[in-house]
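Descriptive analysis of the structure
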Amino acid sequence: MTDQAEQASAAQSTAPEIPGKPTSASRTTLSHIMTHSDTNLLGTVHGGVIMKLVDDAAGAVAGRHSGGPAVTASMDEMAFLEPVRVGDLVHVKAQVNWTGRSSMEVGVRVLAERWNESTPATQVGSAYLVFAAVDADGKPRTVPPVLPETEKDKRRYQEAQIRRTHRLARRRAIMELRERRVAEGYED
């Protein structure tokens, strides 16, 4: 182990443990009414508009949970289940599902209902985002562990661990493939 790695390891082991935060502490809902300026060429709400709302809500949750700035590291599995129309009131519900040392997975559900009707909202999308907590210099900082409160929260935590394992395995496989191609003389 290098001197620098030993120092980092020692600093981590002597650093005070951050108390955990319950899932409900940072859970939030962002609501927005869709207008004509949000539409695509088909006349429905542009997917990018929904993705921005998803990122905004997830960022608020990540910042609340970590107690400071957090940046989007990745967006996984953005699913559009139903089209969103002009006049829909969109609710973006987000919560921290899992935490690592400096990263957090935030789960997001997107619901839509007609602005002038009292019918129940319909789920129109979902996504999983990974955020990294950063300090003023943009360096990773430690986040509190998330404390799942309900059986649903516990299931989400376990599923988030599976998604993390898959993300890391995919990244590792891609890097190995790239290294192999370079060793074989291919340029990317």
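Residues numbered from 1 in each chain as written. Predicted model: local features only at pLDDT ≥ 70, side-chain atom pairs only at ≥ 80, totals over all residues. Heavy atoms only, no water.

Selection rule: UniProt positions are given in the numbering used here, feature names are shortened, and annotations may be inferred rather than shown by experiment.
Named according to an unreviewed UniProt entry, the protein chain is Acyl-CoA thioesterase originating from Streptomyces rubrogriseus. Entered under Sequence similarities (unreviewed entry) in the UniProt record, the comment concerning the protein chain runs "Belongs to the acyl coenzyme A hydrolase family."

A look at the overall build of the protein chain
Here is the rule: Starting at the N terminus, helices and strands are each numbered in turn, a helix being any DSSP run of H or I of at least four residues and a strand any DSSP run of E of at least two. Residue contacts are counted whenever heavy atoms from the two residues lie within 4.5 Å of one another. A 1.4 Å probe and the Shrake-Rupley method give the accessible areas. Residues count as covered only by the protein chains that appear here. Positive charges come from Lys and Arg, negative ones from Asp and Glu, while His and the chain ends are left out of the count. Where a charge lies is defined by one atom per residue type: Lys uses NZ, Arg uses CZ, Asp uses CG and Glu uses CD.
What the protein chain contains, in helices and strands, is three helices and seven strands. The order of α-helices and β-strands along the protein chain, N terminus first, is α-β-β-α-β-β-β-β-β-α. Taking the principal axes of its C-alpha atoms as reference, the protein chain extends roughly 65 × 50 × 35 Å. Look at the contacts in the protein chain between residues 6 or more apart in sequence, and 72% of them connect residues 24 or more apart. Carbon together with sulfur atoms contributes 54% to the accessible area of the protein chain, which is approximately 11500 Å² in total. Once the 24 positive and 24 negative side-chain charges of the protein chain are each reduced to a mean point, those two points are 4 Å apart.

Overview of the pattern of salt bridges
Our working rule: By salt bridge we mean one thing: a side-chain nitrogen of Lys or Arg within 4 Å of a carboxyl oxygen of Asp or Glu. Type-normalised accessible area, obtained with a 1.4 Å probe on protein chains alone, sets the label of each residue: buried when under 20%, exposed when over 50%, and partly exposed for intermediate values.
Under the defined criterion, the tally for this structure stands at nine salt bridges. We note a salt bridge from arginine 163 to glutamate 105, for which the minimum N-O separation is 2.8 Å. Residue arginine 163 is found in helix α3 (residues 151–183), and its partner glutamate 105 is found in strand β5 (residues 103–114); the two are separated by 58 residues along the sequence. Look at glutamate 105 and you get buried, because its relative accessible area is 1%. When salt bridges that share partners are traced, they join Asp76, Glu105, Arg163 and Arg167 into one network.

Some words on the sheet that holds strand β2 (residues 28–33)
In plain terms, the rule: Note on pairing: two strands pair once DSSP finds at least 2 bridges between them. Every angle, taken between N-to-C directions, lies between 0 and 180 degrees, and every axis is a line fitted to C-alpha atoms, over only the stretch in contact when it is a helix.
Read from one edge to the other, the open sheet built from five strands follows the order β2-β4-β5-β6-β3, with strand pairing classed as antiparallel. A strand with exactly one partner marks an edge of an open sheet, and here the two such strands are β2 and β3 (70–80). Put simply, the sheet's adjacent strands are angled 25° from each other on average, direction ignored. In terms of strand pairing, β2 meets strand β4 (residues 88–99) through six bridges, oriented antiparallel. The residue bridging serine 31 from the neighbouring strand is histidine 91, located in β4. Against the sheet, helix α2 (residues 47–66) engages β2, β3, β4, β5 and β6 (122–133), with an angle of about 135° to β3. Running at roughly 75° to β4, α3 makes contact with β3, β4, β5 and β6 of the sheet.

Notes on the packing of aromatic side chains
The line we're drawing: Ring geometry is summarised as follows: Phe, Tyr and Trp rings, the Trp one being its six-membered ring, pair when their centres sit within 6.5 Å, and such pairs are stacked at plane angles under 30 degrees, edge-to-face over 60 and tilted between the two. Charges are assigned to positions over rings by a cutoff of 6 Å between ring centre and Lys NZ or Arg CZ, combined with an angular limit of 35 degrees from the ring normal.
Under the defined criterion, the tally for this structure stands at zero aromatic pairs. Looking at arginine 163, its charged tip hangs above the ring of tyrosine 128, at a distance of 3.5 Å from the centre. It is arginine 181 that lies over the ring of tyrosine 186; its NZ or CZ is 4.5 Å from the centre.

Observations concerning the UniProt feature "domain: HotDog ACOT-type" (unreviewed entry) in the protein chain
UniProt feature "domain: HotDog ACOT-type" (unreviewed entry): in the numbering of this structure it lies at residues 24–137. Within residues 24–137, the helical portion is 18% and the strand portion 46%, while the C-alpha atoms at the span's ends are 29 Å from each other.

Some words on unusual backbone geometry
Positive phi, close to 50°, is recorded for glutamate 77, a residue that is not glycine. Examined against the element boundaries, glutamate 77 turns out to sit in strand β3.

Structural notes on the nonpolar core
Nonpolar side chains in soluble globular proteins generally cluster together in the buried interior. Rule in force here: In this text, buried Ala, Val, Leu, Ile, Met, Phe, Trp, Tyr and Cys residues form a nonpolar core when linked through side-chain atoms within 4.5 Å.
In terms of nonpolar packing, the biggest core is built from 26 residues, with Val54, Val90, Val106 and Val108 touching the most fellow members. Of all elements in the fold, only α2, β4, β5 and β6 reach the threshold of two or more residues within this core. A total of seven residues in this core trace back to one element, the largest contributor, which is α2. Residues within four places of valine 106 in sequence aside, it is in contact with Ala58, Val61, Ala62, Ala94, Gln95, Val96, Asn97, Ala127, Tyr128, Leu129 and Phe131.

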